[in-house]
Amino acid sequence: MAKRIAVLASGSGTNLQALIDAQKNGEILGGEIVLVLSNKENAYALTRAEQNGIGTAVIPSAGDREAFTKKVVDYLVQQKIDLVVLAGFMIILGQQFTKTFRGRILNVHPALIPSFCGDGFYGLKVHEKALEYGVKLTGATVHFVNEVTDGGEIILQKAVAVREDDTPETLQRRVMEEAEWKILPQAVSLFCQDRLVIEGRKVKILDK
Ligand code: GAR
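Notes on the structure follow. For clarity, every value in this text was computed on a predicted model and none was experimentally measured.

### What to know about the overall build of the protein chain
Helix and strand counts for the protein chain come out as 6 helices and 9 strands. Taken over the C-alpha trace, the protein chain has a radius of gyration of 16 Å; the compact-globule value for 208 residues is 17 Å, and the two agree within 12%. In terms of principal-axis extent, the alpha carbons of the protein chain reach across some 50 × 45 × 35 Å. The burial tally for the protein chain puts 49% of its 208 residues in the buried class. Counted over contacts in the protein chain with a minimum sequence separation of 6, partners at least 24 positions apart contribute 64%. Carbon and sulfur atoms make up 50% of the accessible area of the protein chain, which amounts to about 10300 Å² in all.

### A short note on the packing of helix H1 (residues 14-24) against helix H2 (residues 44-51)
Viewed as axis vectors pointing N to C, H1 and H2 meet at an angle of 15°, and their least axial separation amounts to 9 Å. With respect to H2, the axis of H1 lies roughly parallel. The two elements H1 and H2 cross, and the hand of that crossing is right-handed. On H2, the residues that touch Thr 14, Leu 16, Gln 17 and Ile 20 of H1 are Ala 45, Arg 48 and Ala 49.

### Quick notes on the site of the ligand
If you check the shell around the ligand, you find 14 residues, and the closest are Ser 12, Gly 13, Thr 14, Gly 123 and Glu 180. Take Ser 12: an N or O atom from its side chain is 2.8 Å from an oxygen atom of the ligand. In this structure, His 109 approaches the ligand through a side-chain N or O atom, which is 3.4 Å from a nitrogen atom. Broken down by secondary-structure element, the contributors of at least two residues to the shell around the ligand are H1, strand E5 (105-109) and helix H6 (168-192). Its residues placed into classes, the shell around the ligand shows 6 nonpolar, 7 polar and 1 charged.

### So, the packing of H1 against H6
Running from N to C, H1 and H6 cross one another at 55°; their axes reach a closest spacing of 9 Å. Classified by the interaxial angle, the pair formed by H1 and H6 is oblique. Regarding H1 and H6, the two cross each other, and that crossing is right-handed. Contacts between H1 and H6 involve Thr 14, Asn 15, Ala 18, Leu 19 and Ala 22 from the first element and Met 176, Glu 180, Trp 181, Leu 184, Pro 185 and Val 188 from the second.

### Notes on the packing of aromatic side chains
Inspection of the entire model under this criterion finds 3 aromatic pairs. Geometrically, the ring pair formed by Phe 116 and Tyr 133 is edge-to-face, given 6.0 Å between the ring centres and 75° between the ring planes. One end of the pair, Phe 116, is in the loop between E5 and helix H5 (124-133); the other, Tyr 133, is in helix H5, with 17 residues separating them in the sequence.

### Quick word on the pattern of salt bridges
A side chain with one charge can pair with a side chain of the opposite charge if their charged atoms come near. This model, assessed by the stated rule, comprises 7 salt bridges. One salt bridge in this structure joins Arg 102 and Glu 153, with 2.9 Å as the shortest N-O distance. Highlighted residues: Arg 102 in the loop between helix H4 (95-100) and E5 and Glu 153 in the loop between strand E6 (137-144) and strand E7 (154-161), separated in sequence by 51 residues. What makes Arg 102 partly exposed here is its relative accessible area of 38%.

### Regarding H6
Its 25 residues place the ends of H6 33 Å apart at the C-alpha level, agreeing with the 36 Å of an ideal helix rising 1.5 Å per residue. Just past H6, the residue Asp 194 takes up positive phi, approximately 60°.

### A look at the pairing of strand E9 (residues 202-205)
In this structure, strand E8 (residues 196-199) lies alongside E9, joined through 4 bridges in antiparallel fashion. When the sheet's bridge partners are listed, Ile 198 is paired in E9 with Val 203. Between E8 and the antiparallel strand that follows it, E9, lie 2 residues; Gly 200 among them carries a positive phi value of about 65°.

So, how was this worked out
- Residues numbered from 1 in each chain as written.
- Predicted model: local features only at pLDDT ≥ 70, side-chain atom pairs only at ≥ 80, totals over all residues.
- Heavy atoms only, no water.
- Helix = DSSP H or I, 4+ residues; strand = E, 2+ residues; numbered from the N terminus.
- Rg over C-alpha atoms; globule rule 2.2 N^0.38 Å.
- Buried < 20%, exposed > 50% of the residue type's maximum accessible area, 1.4 Å probe, protein only.
- Contact = heavy atoms within 4.5 Å.
- Areas by Shrake-Rupley, 256 points an atom, 1.4 Å probe, with all protein chains shown as cover.
- Axes fitted to C-alpha atoms, helices over the stretch in contact; angles between N-to-C directions.
- Parallel < 35°, antiparallel > 145°, perpendicular 65-115°, else oblique.
- Left-handed = near helix turned anticlockwise from the far one by under 90°.
- Near = heavy atom within 4 Å.
- Polar contact = N/O pair within 3.5 Å; in protein donor to acceptor, adjacent residues only side chain to side chain.
- Nonpolar A, V, L, I, M, F, W, Y, C, P; charged D, E, K, R; others polar.
- Phe/Tyr/Trp six-rings, centres within 6.5 Å; stacked < 30°, edge-to-face > 60°.
- Salt bridge = Lys/Arg side-chain N within 4 Å of Asp/Glu carboxyl O.
- Expected span 1.5 Å × (residues − 1).
- Pairing = 2+ DSSP bridges.

Take a look at the structure:
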């Protein structure tokens, strides 16, 4: 049976769009996006979901983190979700989330982990830091989520060259286009085909 995928997003949802496009093109084998959940009621990701006939839910993140985590986890369990994809979800959920869905949560991060990651590294800030540091290569990472921010096992990475005239905005856009929008749907499809095996820190990708 197809795995039930929930995508959690806080913002514009271009990674969600890449997943929706991949699904339409038959590139997500063994899974179906059934829910987009946001902590922001005005997130454009919700509009993208509605335009594509995908169910939506909003759980506001104001207040206590553990209480918010419990509401999100209870909803995902109630919806019988098999895989949770964090696609620009800007809240770090508590341990109840990682415990309940261990090995079933994927995140996309806009850098080559372990560079420019962890608490405080999100969105445009990641690219500002990469430019400040002067790296020549950056990129994106899709990884499993554990209790350490951006610390879970790495599934796929793709490098992107930094240009001398890059601004955080131009670099962010290129990292999305050249890396995030490609490796996120690939990783989701691999997961849904049961082709990802965690062995210690490493993720083995099984042949078809
Ligand atoms: C993406 O670049 C994603 O990798 C990043 O936020 C952006 C969301 O864009 N996520 C993080 O920084 C998480 N640490 P989107 O809403 O258009 O997909």
